[in-house]
Amino acid sequence: MSTTILQALEFDRVLLDLQRHCQFSVAAERVLSLGPTADASQVHYLLDVTAEAVGLLEVQHTFSVGGVRDIRAALERASLGGVLQPHDLLQVLDTVSNARNLRRAFLRMERADDRFPHLAEFIDTIVEFPVLEADIGRAIGERGDVLDSASEALGTIRPTYSIIRRLAT
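Residues numbered from 1 in each chain as written. Predicted model: local features only at pLDDT ≥ 70, side-chain atom pairs only at ≥ 80, totals over all residues. Heavy atoms only, no water.

K.L.:
Honestly, the overall build of the chain in this entry has me stumped. Any pointers?
P.N.:
Helix and strand counts for the chain come out as ten helices and zero strands. Written out in order from the N terminus, the α and β elements of the chain read α-α-α-α-α-α-α-α-α-α. The globule rule puts the C-alpha radius of gyration for 169 residues at 15 Å, and the 22 Å found for the chain is more than 25% above it. If you line up the chain on its principal axes, its C-alpha atoms span 75 × 40 × 30 Å. A buried classification covers 22% of the 169 residues belonging to the chain. Counting contacts in the chain only where the partners sit at least 6 residues apart, residues at least 24 apart contribute 56% of the total. On the chain, roughly 12100 Å² of surface is accessible, and the fraction owed to carbon and sulfur atoms is 58%. Positive and negative side-chain charges of the chain, numbering 17 and 24 respectively, have mean locations separated by a distance of 9 Å. (Helix = DSSP H or I, 4+ residues; strand = E, 2+ residues; numbered from the N terminus. Rg over C-alpha atoms; globule rule 2.2 N^0.38 Å. Buried < 20%, exposed > 50% of the residue type's maximum accessible area, 1.4 Å probe, protein only. Contact = heavy atoms within 4.5 Å. Areas by Shrake-Rupley, 256 points an atom, 1.4 Å probe, with all protein chains shown as cover. Lys, Arg positive; Asp, Glu negative; His and termini not counted. Charge placed at Lys NZ, Arg CZ, Asp CG, Glu CD.)

K.L.:
Sorry if this is basic, but what is going on with the environment of Arg166 here?
P.N.:
By the element assignment, Arg166 lies in helix H10 (residues 152-168). Between the alpha carbons of Arg166 and Asp39 there is a distance of 71 Å; along the sequence they are 127 residues apart.

K.L.:
For this particular structure, what's the right way to read the packing of helix H6 (residues 86-108) against helix H8 (residues 117-124)?
P.N.:
The relative placement of two packed helices comes down to the angle between their axes together with the axis-to-axis distance. As a packed pair, H6 and H8 sit with axes 10 Å apart at the nearest point and diverge in direction by 145°. Both H6 and H8 take part in a crossing whose hand is left-handed. Along its contact with H6, which presents Leu102, Arg103, Phe106 and Leu107, the element H8 presents Leu119, Ala120 and Ile123. In terms of residue class, the contact of H6 with H8 is made up of six nonpolar, no polar and one charged. (Axes fitted to C-alpha atoms, helices over the stretch in contact; angles between N-to-C directions. Left-handed = near helix turned anticlockwise from the far one by under 90°. Nonpolar A, V, L, I, M, F, W, Y, C, P; charged D, E, K, R; others polar.)

This is a description of form; function is not addressed.
In structure tokens:
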């Protein structure tokens, strides 16, 4: 479709309006890359997915991706051998646990696979990471502090450090 037609339709304003309704920053970012298509099968598929999402929200008003964070930068840094800071790990934990909750909430719905088959395909891609959740939860506190339980060595060193610090003052 020509740029002139898209401008006449104010397609950029439609995308910006859609972007304002996105709950997840990654979705809001991806909205701006959307464009029209002449592929009828893709149009039908996307309309079906949209209809299912609307239907899901009519049945489950609280269904949301809330709590899921954009952790792409942290994952990239970790994949390159970089160190993640406690706040990065908390965001990973939030994302992993909220994705798990989202998946389980969907699977608990009666006949979810039959009623929302396209959304079920998305849900099926969500992987649970119970060991990662437990490890981060054991190592990082809710406020981003590294807990004594993060490692055996830290659990041993910190009490000694506290005693030395008290004696020094």
